[in-house]
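Structural overview
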Amino acid sequence: MQLIDQSLNDPRVLPLLLDLQLNKQLIISFSGSSTSLKMLDAIRAPIIWTETKSALSASFNAQLVFGGLAVSGRLTQNLSAHFSAGSGFSTEPIRLKYT
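None of the values given here were measured: they were computed from a predicted structure.

Rules used throughout
Residues numbered from 1 in each chain as written. Predicted model: local features only at pLDDT ≥ 70, side-chain atom pairs only at ≥ 80, totals over all residues. Heavy atoms only, no water. Helix = DSSP H or I, 4+ residues; strand = E, 2+ residues; numbered from the N terminus. Buried < 20%, exposed > 50% of the residue type's maximum accessible area, 1.4 Å probe, protein only. Contact = heavy atoms within 4.5 Å. Pairing = 2+ DSSP bridges. Right-handed = clockwise from strand over helix to strand, strands pointing away. Patch = residues over 30% accessible without salt bridge, like charges linked within 9 Å, V, L, I, M, F, W, Y side chains within 5 Å. Areas by Shrake-Rupley, 256 points an atom, 1.4 Å probe, with all protein chains shown as cover. Salt bridge = Lys/Arg side-chain N within 4 Å of Asp/Glu carboxyl O. 1 Å grid on protein atoms, 1.4 Å probe; cavity = no way out; pocket = protein on both sides within 12 Å on 5 of 7 lines; lining within 4 Å. Points joined across faces, edges and corners; volume = space filled by probe spheres on them. Nonpolar A, V, L, I, M, F, W, Y, C, P; charged D, E, K, R; others polar.

What follows concerns the side chain of Ser36. Summarising the element assignment, Ser36 is placed in helix 2 (residues 34–37). The exposure class of Ser36 is buried, given its relative accessible area of 10%. Ignoring sequence-local partners within four residues, the contact set of Ser36 consists of Asp5, Leu8 and Phe30.

Following this line, the structure appears as structure tokens:
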């Protein structure tokens, strides 16, 4: 599911995400501020986060979801109990990237 920080202002979004993570294989592609990322603290599904809101960052996030790009990002600061400094994942590309 693709989200921007303004999406989290809708009171229906977080309950929907909590329900989806229980019943579906959910991956969240989130573009927005680190302050807004804290609002996803209860989510345990994978979150691909970028502060940049652009078509290019959305394209990169899609490629990450489908294994086209590697990533090794880590949070540089503590944002919440769940999003602490140094947390993150590394992946390797498993498919061809988009051209």
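Right, let's get into the pairing of strand 2 (residues 28–31). Residues of strand 2 alternate between two faces, with Ile28 and Phe30 on one and Ser29 and Ser31 on the opposite face, all of them buried. Pairing analysis gives 3 bridges linking strand 1 (residues 2–4) to strand 2, with the strands arranged parallel. Each residue of the ladder has a partner; that of Gln2, found in strand 2, is Ser29. The parallel pair strand 1 and strand 2, bridged by helix 1 (residues 13–23), forms a crossover whose chirality is right-handed. Bridge count between strand 2 and strand 3 (residues 47–50): 4 bridges; the pairing is parallel. Within strand 3, the position partnered with Ser31 by the bridge is Thr50.

We now examine a nonpolar patch on the surface. Together, Ile27, Val65 and Phe66 make up an exposed nonpolar region whose accessible area comes to about 230 Å². One can find Val65 in helix 3 (residues 55–65).

Looking now at the layout of surface pockets. Of the volumes computed, that of the largest pocket is approximately 860 Å³. What lines the largest pocket is a set of 28 residues, and nearest its centre among them are Ile47, Ile48, Trp49, Gly88 and Phe89. For the lining of the largest pocket, the secondary structure elements donating two or more residues are strand 3 and helix 3. Class assignment of the residues belonging to the lining of the largest pocket gives a composition of 17 nonpolar, 8 polar and 3 charged. If you trace the second largest pocket, you find it lined by Met1, Gln2, Ile27, Ile28, Ser29, Ala58, Asn61, Ala62, Val65 and Phe66. Among the elements of the structure, strand 2 and helix 3 are those that each provide at least two residues to the lining of the second largest pocket. Per element, the largest residue contribution to the lining of the second largest pocket is 4 residues, and it comes from helix 3. Looking at the lining of the second largest pocket residue by residue, the classes come out as 7 nonpolar, 3 polar and no charged.

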